[in-house]
Amino acid sequence: MLGPSAHVDTFTRDRLPPPDQWPDLLLDGFGYPDRLNAGVELTDAMVARGFGDHTALIGNGRRRTYKELTDWSNRIAHALVEDFGVRAGNRILIRSANNPAMVACWLAATKAGAVVVNTMPMLRALELSKIVDKAEVSLALCDTRLMDELVICAKESTYLRTVVGFDGTANHDAELDRIALSKSVRFAAVDTGQDDVALLGFTSGTTGEPKATMHFHRDLLIIADGYAREVLQVTPDDVFVGSPPLAFTFGLGGLAIFPLRFGAAATLLENASPANMIEIIQTYGATISFTAPTAYRAMLRAMDEGADLSSLRAAVSAGETLPGPVFEEWVRKTGKPILDGIGTTEMLHIFITNRFGDAHPGTTGRPVSGYQARVVGDDMQELPRGEVGRLAVRGPTGCRYLADERQKRYVRDGWNITGDTFMQDETGYFHFMARSDDMIISAGYNIAGPEVEAALLTSPYVLECAVIGAPDTERGQIVQAHVVLAEGVAPDDVTRLRLQDHVKATIAPYKYPRSVKFVDTLPKTQTGKIQRFRLRSQS
């Protein structure tokens, strides 16, 4: 039963799935007051608890305390309400790389009762337009260095009417910053309900059509009060560092919610390359790292060349399965644990994980407290230990798609079916086997093959194509395109590079095919359906 909503704009609540399509929510141990605003809990409430002078965010050459972050986000919240007419329940899109200004804007919008849609800076206008249309976004906040694609999106959009620039550097010299500067540092945050939607996390299905996952104010705190408290054992002395974008729920949790919930500090990198992460770890004595196995491999190589990672007490790996040899090398060289885990945008964050003193190579671990997991067959019956099947999970968070028929496939009999194939061994540990669908997971990014195919097919050089995920030792998988060229086009390296550049210019660059194979024909069924499994067997 949902409590009373503070939303004047009831768009998200009106588009929640019907009650019979919800997963079972196991909320024992996660009690919150009926009225709850996550933005307040992570800032004003922390100042009230005595953390005002503690460092909250480090980025772009500056440290910002909890008091500074609270004042900053309150000023922006005033601007959103008083100058841009934001009402509780409106959707606000934020476009930025990882920096303190993005965090301040997210917190401000949350305090104003808005539903936030964080987006990656790599997305192009076409991809942004799908998100804007799905969420019916009318206002966007954008780092002024990244305006171009969003402006293109706005020109063609039915919904997006206003794009306001903010300064992602430390200069505070953009429209939103100048307006906010004159505002009060005190803001009466909207008295949202604990089950009011606070965040829309977008994820692509294998079709490339985005799904919006709806998360409540309480959900944002649950992942901290569960996983971060139990598994990471966060203290105010911790300093977080990581590579996932704040636009990913993995990144928002690990680089904003977790540190701010416990009075710790977060270091934010706009370019979170392994080299830059190593520099931050060494400079600020970072203690908890969030990134994908790809980066940990690079960091291990850097250690051989003298990099000092001794300040790290925990390394969290997610986004793709952690290979056993990487686990073993990390433990051997650092003497510290590396915790593999699995989470989904639908569940908001990690729900199965290894733990300190209970981490094993090649396993994903056991459920986080409050969650239950099982391996099931097509009939949803639990399979015997050692058998391979689909992962089903339930807990205090769960999938609620925004007006999407795919809800019926993700939630069955009260369980979230994550799309992963797992095996549970006799001792209760879960082992990742493969993705259940055709999603390509490359260096922690989810890439839908059909979306890359659609981009390739807009090139006059391409007659037909099929995209698959090919195994790769560095990235887990890479995007591999099998291309039938148009007549007269040479199958050479020049064409290959032109096709790669074409995809980078059409959709987010990280989705481009790192491998392009030219073929005369594609394997097909009698009905004309491309047989991608045959291509995978050849890759």
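Thresholds applied
- Residues numbered from 1 in each chain as written.
- Predicted model: local features only at pLDDT ≥ 70, side-chain atom pairs only at ≥ 80, totals over all residues.
- Heavy atoms only, no water.
- Helix = DSSP H or I, 4+ residues; strand = E, 2+ residues; numbered from the N terminus.
- Buried < 20%, exposed > 50% of the residue type's maximum accessible area, 1.4 Å probe, protein only.
- Contact = heavy atoms within 4.5 Å.
- Areas by Shrake-Rupley, 256 points an atom, 1.4 Å probe, with all protein chains shown as cover.
- Lys, Arg positive; Asp, Glu negative; His and termini not counted.
- Charge placed at Lys NZ, Arg CZ, Asp CG, Glu CD.
- Axes fitted to C-alpha atoms, helices over the stretch in contact; angles between N-to-C directions.
- Left-handed = near helix turned anticlockwise from the far one by under 90°.
- Nonpolar A, V, L, I, M, F, W, Y, C, P; charged D, E, K, R; others polar.
- Parallel < 35°, antiparallel > 145°, perpendicular 65-115°, else oblique.
- Pairing = 2+ DSSP bridges.
- Core = buried A, V, L, I, M, F, W, Y, C linked by side-chain atoms within 4.5 Å.
- Phe/Tyr/Trp six-rings, centres within 6.5 Å; stacked < 30°, edge-to-face > 60°.
- Lys NZ or Arg CZ within 6 Å of the ring centre and 35° of its normal.

Engineer: Hey, could you run me through the overall build of the protein chain in this one?
Structural biologist: Tallying secondary structure elements over the protein chain gives 17 helices and 25 strands in all. Seen along its three principal axes, the alpha-carbon backbone of the protein chain occupies a region of about 65 × 55 × 55 Å. Looking at the protein chain residue by residue over its 539 residues, the buried ones come to 59%. Taking the contacts inside the protein chain whose residues are at least 6 apart along the sequence as the reference set, 67% of them involve residues at least 24 apart. Carbon and sulfur atoms make up 49% of the accessible area of the protein chain, which totals about 20,900 Å². Taking the average place of the 56 positive charges on the side chains of the protein chain and the average place of its 66 negative ones, the gap between the two points comes to 1 Å.

Engineer: Whenever I open this one, the packing of helix 11 (residues 274-284) against helix 12 (residues 293-304) confuses me. Can you help?
Structural biologist: Helix packing for two helices is described by the angle between their axes and how far apart those axes are. At their nearest, the axes of helix 11 and helix 12 sit 9 Å apart, and the two run at 65 degrees to each other. Seen along the crossing, helix 11 lies across helix 12 with a hand that is right-handed. The residues of helix 12 that touch helix 11, namely those facing P274, M277, I278 and I281, are A295, A298, M299 and A302. Class assignment for the residues of the contact of helix 11 with helix 12 results in eight nonpolar, no polar and no charged.

Engineer: I would appreciate a short explanation of the packing of helix 6 (residues 125-135) against helix 7 (residues 147-156) in the present structure.
Structural biologist: For the pair helix 6 and helix 7, interaxial distance at closest approach is 9 Å and the crossing angle is 55 degrees. Taken as axis vectors, helix 6 and helix 7 run oblique relative to one another. Both helix 6 and helix 7 take part in a crossing whose hand is right-handed. Contacts from A125, L128, S129 and V132 of helix 6 reach helix 7 at E149, L150, I152 and C153. Its residues placed into classes, the contact of helix 6 with helix 7 shows six nonpolar, one polar and one charged.

Engineer: Is there a simple way to explain the environment of R412 in this structure?
Structural biologist: As for its position among the elements, R412 is in strand 18 (residues 411-412). Taking the C-alpha atoms as reference points, R412 and W22, 390 residues apart in sequence, are found 8.7 Å from one another. Not counting residues within four places of it along the chain, the set of residues in contact with R412 comprises D378, M380, R390 and I417.

Engineer: It is not clear to me how the sheet that holds strand 23 (residues 462-472) should be interpreted in this structure. Could you clarify?
Structural biologist: Sheet strands line up and pair through hydrogen bonds in the backbone, either parallel or antiparallel. Strands sit in the order 23-24-25 across an open sheet of three strands; the sheet is mixed. Looking at strand neighbours, the two that pair on one side only are strand 23 and strand 25 (515-518), the edges of this open sheet. When strand polarity is set aside, the average angle formed by the axes of neighbouring strands in this sheet is 25 degrees. Judged from the 10 bridges that link them, strand 23 and strand 24 (residues 476-485) form a sheet pairing that is antiparallel. Its bridge partner lying in strand 24, A470 is registered against I478. Against the sheet, helix 15 (residues 449-456) contacts strand 23 and strand 24, and its axis sits at roughly 145 degrees relative to strand 23. Set on the sheet, helix 16 (residues 493-506) makes contact with strand 23, strand 24 and strand 25; between it and strand 25 the angle comes to about 130 degrees.

Engineer: What is the right way to look at the nonpolar core in this model?
Structural biologist: Taken as a class, soluble globular proteins show a tendency for nonpolar side chains to be buried jointly. Membership of the largest hydrophobic core comes to 84 residues, with the highest contact counts inside it found for W106, L141, L232 and F258. When neighbours within four sequence positions are excluded, L141 is seen to be in contact with L80, I92, L93, I94, R95, C105, V164, F166 and L176. With 51 residues, the next largest nonpolar core counts W22, A140, M147 and F202 among its residues.

Engineer: Where do I start with the sheet that holds strand 11 (residues 288-291) in this structure?
Structural biologist: On the basis of which strands lie adjacent, the open sheet formed by nine strands has the order 2-1-10-9-11-12-13-14-15 and mixed pairing. Bordering the open sheet on either side are strand 2 (62-65) and strand 15 (366-367), each of which pairs with just one other strand. By the bridge criterion, three bridges tie strand 13 (residues 338-343) to strand 14 (residues 350-353) in an arrangement that is antiparallel. Looking at strand 14, one finds that G341 is bridged to T353. Across the sheet, helix 11 is in contact with strand 1 (55-59), strand 2, strand 9 (239-242), strand 10 (265-267) and strand 11; its angle to strand 9 comes to roughly 170 degrees.

Engineer: Just to check I follow, could you spell out the environment of G444 for this structure?
Structural biologist: Considering the arrangement of structural elements, one finds G444 in the loop between strand 21 (440-442) and strand 22 (445-447). As a C-alpha pair, G444 and A292 span 152 residues in sequence and 5.7 Å in three-dimensional space. The contacts of G444, once residues within four sequence positions are left out, are F248, A292, G319 and E320.

Engineer: Would you take a moment to explain the packing of aromatic side chains for this structure?
Structural biologist: What characterises a pair of aromatic rings is the spacing of the ring centres plus the angle enclosed by the ring planes. Scanning all chains against the criterion turns up 13 aromatic pairs. Each ring, one from F422 and one from F432, has its centre 5.6 Å from the other, and the planes form 80 degrees; the classification is edge-to-face. Remark: F432 occurs in strand 20 (residues 430-435) and F422 occurs in strand 19 (residues 415-424); sequence separation between them is 10 residues. Judged by its relative accessible area of 0%, F422 falls in the buried class. An aromatic cluster is defined as three or more aromatic residues linked by ring pairs; in this entry it consists of Y227, F240, F250, F258 and F290. Across the ring face of W22, the terminal group of R400 is positioned such that the distance to the ring centre comes to 5.3 Å. Stacked on the ring of F216, the Lys or Arg R400 has its end atom at 3.8 Å from the ring centre.

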